[in-house]
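Residue strings, one per chain:
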Amino acid sequence: MIPRPSIQPGKGWAFPMPTVTTLDTGMAVWAYDLPGQYIWSVNLVMDLPLNAEPEGLDGLATIVARTLDEGTTPHPGPLFATELEEAGAQFSALVGLSTTQCLLDVPQDSVDAALALLAEAVAAPAFAEEDVHRIQANRLSEIDQQESRGSYVASSTLRRTILADHLRVGRPAGGSAQGVAAVTAHDVAAFHRDRYRARDAVLVLAGDMSGVDAAQAAHQAFGAWRPDATRVEPALVSAGAPRRRFVPREGSVQTDVRMGWFGVDRRDPRWAGLQVALAIMGGTFTSRLNTVLREERGYTYGVSMNAHPFRVGGIIDLATSTRTQAASSLIEETLEILAVREPFTIDEVRDAIGYLTLSAPLALDTAEAVASQGASLAAARLDLGYVTTALADLAAVTVDDAMEAYTDLIDPDRASVVAVADDLDLSGLGFEV
């Protein structure tokens, strides 16, 4: 009989550290050398908060970002797409709370050509009027589709409820229908001219760099990008007063429920404890909320509970849905469970830590994942060693740490609550329409 092999403890793991270079333009280059990863992932992170958009033009930053690859001055119209295709590269862009990011996936042997095209897209986009109008129409259609989903309406309403009314970050990053519809090609060109800049940007490169001088490749592509743009400071984020809001939505076949609180960012000393506490309460399939609301009561298919950090501050939210007849009971029982009458146990904390830490090496095993994580560090202005340090902090969380973070930040009596349904009377629970 073949003896069963012994299981050895896994080796220590750390998130890779990049080689860092700063170009004369003020743009930083973070190069993550990942042997064997021959498809590079590239992420250009520009320090550009949502509050840089002019008043009344919510969504302008997204229209600009999505039009970058629709043609450039050197390669107008479809010629730019043809050049990307010949390089085997795939381009995309996204707008977040504090940054605009341009992403590129490209084979190692086409990196020079692809980086030149990326630089061309951000430095010399054509912004043809017909392209801007098409991207604008696509975004308006996307908004219609999003607002047709009760889950989206519930989440977006909760965000506006948790955050102070005047904050741009409380509204969708992609903008409102009214704001997007007001955007013109002139607005797009002006925003790009006034806001896109190399200084404070970070170019994240992840892939097998054998035989490639990443710093030289970045300098060759971006060394001439010197836009004279003004930096806009991110607006300070603050909380609104807790409210309970019912949003009527004709034709809904279920009730979408969201609860939330103003939270903290990743620099807060309670962050690790909060992550463990959220995993215990609603972050795993065996969490307390799932055990009661799904397994015992049959109210829902599942509950999720997460923290979403900003550069400073953040929000904590709970999301679920239920049949409308059970909505009142689900809301009441959820708030009761959130009161945590029984303190967390050592076993719950241990299991939550294992769930949060042991999956990290697998989740961050590709060039795309490393580049994405690096971009997140750049966007939040976190230390390059943050991921490894954060995992060590998670592993050290105690029951007291988790309970303290939870009780400090999550008060059921001060929860903002949103319910979206067809016909539902929640006035008895203090909801306003």
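As a reminder, the structure under discussion sits directly above these lines.
As a starting point, this report considers the structure included with it. (Residues numbered from 1 in each chain as written. Predicted model: local features only at pLDDT ≥ 70, side-chain atom pairs only at ≥ 80, totals over all residues. Heavy atoms only, no water.)

### What about the overall build of the chain?
Within the chain, the regular secondary structure consists of 16 helices and eleven strands. Its C-alpha radius of gyration of 24 Å places the chain within 12% of the 22 Å reference for a compact globule of 433 residues. Projected onto the principal axes, the alpha-carbon positions of the chain cover approximately 70 × 65 × 45 Å. Looking at the chain as a whole, 52% of its 433 residues are labelled buried. Within the chain, residue pairs in contact and separated by at least 24 positions form 82% of the contacts whose partners lie at least 6 positions apart. In the form shown here, the chain has an accessible surface area of approximately 20,300 Å², with 51% of it arising from carbon and sulfur atoms. (Helix = DSSP H or I, 4+ residues; strand = E, 2+ residues; numbered from the N terminus. Rg over C-alpha atoms; globule rule 2.2 N^0.38 Å. Buried < 20%, exposed > 50% of the residue type's maximum accessible area, 1.4 Å probe, protein only. Contact = heavy atoms within 4.5 Å. Areas by Shrake-Rupley, 256 points an atom, 1.4 Å probe, with all protein chains shown as cover.)

### With respect to a negative patch on the surface
Together, Glu250, Asp422, Asp423 and Asp425 make up a negatively charged patch on the protein surface. With respect to the secondary-structure elements, glutamate 250 resides in the loop between strand S7 (244-248) and strand S8 (255-263). (Patch = residues over 30% accessible without salt bridge, like charges linked within 9 Å, V, L, I, M, F, W, Y side chains within 5 Å. Salt bridge = Lys/Arg side-chain N within 4 Å of Asp/Glu carboxyl O. Lys, Arg positive; Asp, Glu negative; His and termini not counted. Charge placed at Lys NZ, Arg CZ, Asp CG, Glu CD.)

### Re helix H5 (residues 150-162)
When the terminal C-alpha atoms of H5 are compared, their 18 Å separation across 13 residues agrees well with the 18 Å that a helix rising 1.5 Å per residue should span. In the core, the buried residues of H5 are packed alongside helix H4 (129-147), S7, S8, strand S10 (314-322) and strand S11 (416-421). (Expected span 1.5 Å × (residues − 1).)

### A few points about the environment of leucine 158
By the element assignment, leucine 158 lies in helix H5. Relative accessible area serves as the criterion here: at 3%, leucine 158 is assigned to the buried category. Considering only alpha carbons, one finds leucine 158 and glycine 170, twelve residues apart in sequence, at a separation of 8.9 Å. Aside from chain neighbours lying at most four places away, what touches leucine 158 is Arg258, Met259, Gly260, Asp317, Ser416 and Val418.

### Here's the deal with the nonpolar core
Judged by nonpolar contacts, the single largest core of 77 residues is most densely connected at Tyr32, Leu274, Leu338 and Phe344. Within the second largest apolar cluster, 57 residues are counted, among which are Leu84, Ala114, Leu203 and Trp225. (Core = buried A, V, L, I, M, F, W, Y, C linked by side-chain atoms within 4.5 Å.)

### Some words on unusual backbone geometry
A positive phi angle, close to 55 degrees, is found at phenylalanine 127, a residue other than glycine. Structurally, the position occupied by phenylalanine 127 is in the loop between helix H3 (111-123) and H4. Judged by relative accessible area, which is 9%, phenylalanine 127 ranks as buried. Positive phi is not limited to glycine here, since arginine 381 has a value of about 60 degrees. Its place among the elements puts arginine 381 in the loop between helix H14 (367-380) and helix H15 (386-395).

### Section: the sheet that holds strand S2 (residues 28-33)
Sheet architecture is open: six strands sit in the order S1-S2-S6-S3-S5-S4, paired in mixed fashion. The open sheet terminates on both sides in strands that have one partner only, identified here as strand S1 (19-22) and strand S4 (90-95). The sheet shows a mean angle of 15 degrees between the axes of neighbouring strands, taken without regard to direction. Two elements, S4 and strand S5 (residues 99-107), share six bridges in a ladder whose sense is antiparallel. By the bridge assignment, alanine 93 is partnered in S5 with cysteine 102. (Pairing = 2+ DSSP bridges. Axes fitted to C-alpha atoms, helices over the stretch in contact; angles between N-to-C directions.)

### Regarding the environment of threonine 320
Tracing the sequence through the fold places threonine 320 in strand S10. Accessibility expressed as a relative area gives 5% for threonine 320, which makes it buried. For the pair threonine 320 and threonine 184, spaced 136 residues apart in sequence, the C-alpha separation works out to 38 Å. Ignoring anything within four residues of it in the chain, the contact list for threonine 320 reads Thr255, Asp256, Val257, Arg258, Thr300, Gly302, Val303 and Leu330.

### Remarks on the pattern of salt bridges
Considering all chains together, one arrives at 24 salt bridges under this definition. Among the salt bridges present, the one from aspartate 58 reaches arginine 171, with a minimum N-O distance of 2.5 Å. Of this pair, aspartate 58 sits in the loop between strand S3 (39-47) and helix H1 (60-67) while arginine 171 sits in the loop between H5 and helix H6 (177-181), and the two are 113 residues apart along the sequence. Its relative accessible area of 10% is what places aspartate 58 among the buried residues. Arginine 171 gets classed as partly exposed once you look at its relative accessible area, which sits at 24%.

### Quick word on the packing of helix H9 (residues 271-283) against helix H12 (residues 346-357)
Two numbers describe how H9 lies on H12: the axes approach to 9 Å, and their chain directions differ by 100 degrees. Judged by the angle between their axes, H9 and H12 are roughly perpendicular. Contact residues: Gln275, Val276, Ala279, Ile280 and Gly283 in H9; Glu348, Val349, Ala352, Ile353, Tyr355 and Leu356 in H12. Residue composition of the contact of H9 with H12, by class: eight nonpolar, two polar and one charged. (Parallel < 35°, antiparallel > 145°, perpendicular 65-115°, else oblique. Nonpolar A, V, L, I, M, F, W, Y, C, P; charged D, E, K, R; others polar.)

### A few points about the environment of tryptophan 30
By the element assignment, tryptophan 30 lies in strand S2. In this structure tryptophan 30 comes out as buried when scored by relative accessible area, which is 9%. For tryptophan 30 and glycine 223, which are 193 residues apart along the polypeptide, the C-alpha to C-alpha distance reads 15 Å.

### Concerning the sheet that holds strand S9 (residues 304-309)
Pairing within the open sheet is mixed, and its five strands lie in the order S7-S11-S8-S10-S9. Across the chains shown, the open sheet's two edge strands, defined by having one partner strand only, are S7 and S9. Along the sheet, successive strands turn relative to each other by an average axial angle of 20 degrees, direction set aside. Strand direction decides the pairing type here: S9 and S10, joined by six bridges, are antiparallel. Within S10, the residue paired with alanine 307 across the bridge is isoleucine 316. Lying on the sheet, helix H11 (residues 327-338) is in contact with S7, S8, S9 and S10; it crosses S8 at an angle near 25 degrees.

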